[in-house]
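Architecture at a glance
Next come the chains, spelled out residue by residue.
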Amino acid sequence: MGEVKRALLAKLSGLGTDDVKFASDMIEATDPETMYARRSKEAQNIGPSLATPDGRVVLVGDAAHAMSGSYGQNPNLALEGAAELATCLRNDECIESALSEYSNLRVGRCVEMQRRSAERAAKAMRGEKDLEDVS
C-alpha cells in the first residue's frame, strides 16, 4: 500500500466515526500508484499594497488574501474587502489615494487572518480538537 493511501486511511480511521466510511471505501478501492496528495500552503507575501501604483488593478477577496478554507472566513473577508474598497472610493475623489488607503486598511487584517487560518489548518491536520471557534 502506498504512503499517501496509508496516511489517508489512518487519518480517517483516527477520526473515530463512521461518517467518513464512504471516503475510506473510495480510498481503499483506489490504486495507490494513482494517488497524489499535497498540503496547501498559505501565501505568505501580502502587501505592502493591494493596488498597483497606477490604480489600474486592485486585489479584493481571495486574490488579496489566499488562505485555507479551514478557517471559514474567506467569504467574510471578501465582503469586508469589497465594503472597505467601496467606502474608500466613495470618500476620496482621487482613485490612486483611495486605493492606497484601501491597501493601508486591509493589508494588516489580511495578514492576520491568513496567519490564523494557517495555524488552524495545521492544528486540524495534526488532529487537534481545540480549534478556535470562528462562528
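1. Points about the pattern of salt bridges
A side chain with one charge can pair with a side chain of the opposite charge if their charged atoms come near. Counted by the stated rule, this structure contains six salt bridges. For Glu80, the salt bridge identified is with Arg109, shortest N-O distance 2.7 Å. Taken together, the positions of Glu80 in helix H3 (residues 74–91) and Arg109 in helix H4 (residues 95–125) put the pair 29 residues apart, joining distant regions of the chain. With relative accessibility at 30%, the residue Arg109 sits in the partly exposed group. Each of Glu112, Arg115, Arg116 and Glu119 takes part in one network of salt bridges that share partners.

2. With respect to the packing of H3 against H4
Two elements in contact, H3 and H4, have axes separated by 8 Å at closest approach and are oriented at 160°. Looking at the two axes, H3 sits roughly antiparallel to H4. Crossing hand, H3 versus H4: right-handed. Facing Asn76, Leu77, Glu80, Gly81, Glu84, Leu85, Cys88 and Leu89 of H3, the residues of H4 in contact are Ala98, Leu99, Glu101, Tyr102, Leu105, Arg106, Arg109 and Met113. Considering only residue class, the contact of H3 with H4 consists of nine nonpolar, two polar and five charged.

3. Notes on H3
Relative to the 26 Å expected for 18 residues at 1.5 Å per residue, H3 spans 26 Å between its end C-alpha atoms, a close match to the ideal helical length. Residues of H3 that are buried: Asn74, Leu77, Gly81, Leu85 and Cys88. Considered in projection along H3, the buried side chains sweep an arc of 70° and stay on one side of the axis. Structural note: H3 exposes Pro75, Leu79, Arg90 and Asn91 on the side pointing more than 90 degrees away from its buried face. As for H3, its buried residues are in contact with H4.

4. Points about helix H2 (residues 21–28)
Those residues of H2 that sit buried are Ala23, Ser24 and Ile27. Summarising the axial view, the buried residues of H2 lie within an arc of 100°, below the 170-degree limit, and thus occupy one face. For H2, the exposed residues lying more than 90 degrees away from the buried face are Phe22 and Met26. The secondary structure elements touched by the buried residues of H2 are helix H1 (3–13).

What counts and what doesn't
Residues numbered from 1 in each chain as written. Predicted model: local features only at pLDDT ≥ 70, side-chain atom pairs only at ≥ 80, totals over all residues. Heavy atoms only, no water. Salt bridge = Lys/Arg side-chain N within 4 Å of Asp/Glu carboxyl O. Helix = DSSP H or I, 4+ residues; strand = E, 2+ residues; numbered from the N terminus. Buried < 20%, exposed > 50% of the residue type's maximum accessible area, 1.4 Å probe, protein only. Axes fitted to C-alpha atoms, helices over the stretch in contact; angles between N-to-C directions. Parallel < 35°, antiparallel > 145°, perpendicular 65-115°, else oblique. Left-handed = near helix turned anticlockwise from the far one by under 90°. Contact = heavy atoms within 4.5 Å. Nonpolar A, V, L, I, M, F, W, Y, C, P; charged D, E, K, R; others polar. Expected span 1.5 Å × (residues − 1). Arc of directions from axis to C-beta.

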